[in-house]
Amino acid sequence: MPKRIPAMQVISVIAGLAIVALIIYLGNLINSTETIQDRLRYQQPQILPAEARPDGTIVNYTYVPVYSHIYAMGGEPFLLEATLSIRNPDPLHAMEISAIDLYDTSGKQVRSYLDSPVSLAPMATADYLLERTDSKGGSGANFVVQWSSPRNGARALMESVMIGSQDDLYISFSSRGIRLPYPMTEQ
């Protein structure tokens, strides 16, 4: 005759298995939970390609100072990460961004951020990252952004925000873009 297992032992085994299953479930839940930093991690802007320019648009150029590093502590380079923020403050009209070019300290173009024009929706913002490890621009780098909007549309707001840390020193600052009064190409 087979030996009977006491009911308390069966309940204990089932409870133990349930606890193990709960621990595994909670472990998977914790590992799959996104942190705020994960949700905010930098990603290239997901902007729809621009449509053909409507009549009445005005082409503008904005110069935005940016720094890949500054000098501190007796001339030592202090590396910075920079974000170019392009904002469309117009609540009614999209704006088209045709080019975002990075120039180095000597004025030489070192990178183009766009392969084709993009459209920035009303009240939308697009951010472009210049990583801390990218020192091509130098201490006097700048972005030149070509953009257009309807003649009666609001002007874009462009800023660069730089941030860096080294040892126990932290620094952050921003630069505001200025609209250039002339086209960047010869007529």
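Caption draft 1: Representation of the pattern of salt bridges. Counting across every chain of the model gives 2 salt bridges. Across the pair glutamate 159 and arginine 176 runs a salt bridge, and its minimum N-O distance is 3.0 Å. Highlighted residues: glutamate 159 in strand β10 (residues 157–166) and arginine 176 in strand β11 (residues 169–176), separated in sequence by 17 residues. The class for glutamate 159 is buried, based on a relative accessible area of 19%.

Caption draft 2: Region of the structure containing a nonpolar patch on the surface. Where nonpolar side chains cluster on the molecular surface, the patch consists of Leu22, Tyr25 and Leu26 and spans about 310 Å² of accessible area. Positionally, tyrosine 25 belongs in helix α1 (residues 7–32). Take tyrosine 25: its relative accessible area is 53%, and that puts it in the exposed class.

Caption draft 3: Spotlight on the environment of valine 145. Its location among the elements puts valine 145 in strand β9 (residues 142–150). Using a relative accessible area of 0% as the deciding quantity, one classes valine 145 as buried. Distance in space between the C-alpha atoms of valine 145 and isoleucine 100 is 4.5 Å, their sequence separation being 45 residues.

Caption draft 4: Seen up close, the pairing of strand β2 (residues 69–72). Bridge count between β2 and strand β3 (residues 76–79): 4 bridges; the pairing is antiparallel. If you follow isoleucine 70 over to β3, its bridge partner there is phenylalanine 78. Between β2 and the antiparallel strand that follows it, β3, lie 3 residues; methionine 73 among them carries a positive phi value of about 50 degrees.

Quick notes on the rules
Along every chain, residues carry numbers that run from 1 in the direction the sequence is written. In keeping with the predicted nature of the model, local features appear solely for residues at pLDDT of at least 70, side-chain atom pairs appear and are counted solely at 80 or more, and the whole-chain, interface and lining totals rest on all residues. Excluded from the side-chain calculation are hydrogens and water; included are all heavy atoms of the structure. Each salt bridge in this description consists of a side-chain nitrogen of Lys or Arg and a carboxyl oxygen of Asp or Glu lying within 4 Å of one another. A helix here means a DSSP run of H or I that spans at least four residues, while a strand means a run of E at least two residues long, and both kinds are numbered starting from the N terminus. Burial here depends on accessible area, computed with a 1.4 Å probe over protein chains only, as a share of the maximum for the residue type. Under 20% is buried, over 50% is exposed, and the range in between is partly exposed. Each patch is built from salt-bridge-free residues with over 30% relative accessible area, joining like charges within 9 Å and nonpolar side chains (Val, Leu, Ile, Met, Phe, Trp, Tyr) within 5 Å. Per-residue and other accessible areas were derived by the Shrake-Rupley procedure at a 1.4 Å probe size, with only the shown protein chains allowed to occlude residues. Here, a strand pair is defined by DSSP locating no fewer than two bridges between the strands.

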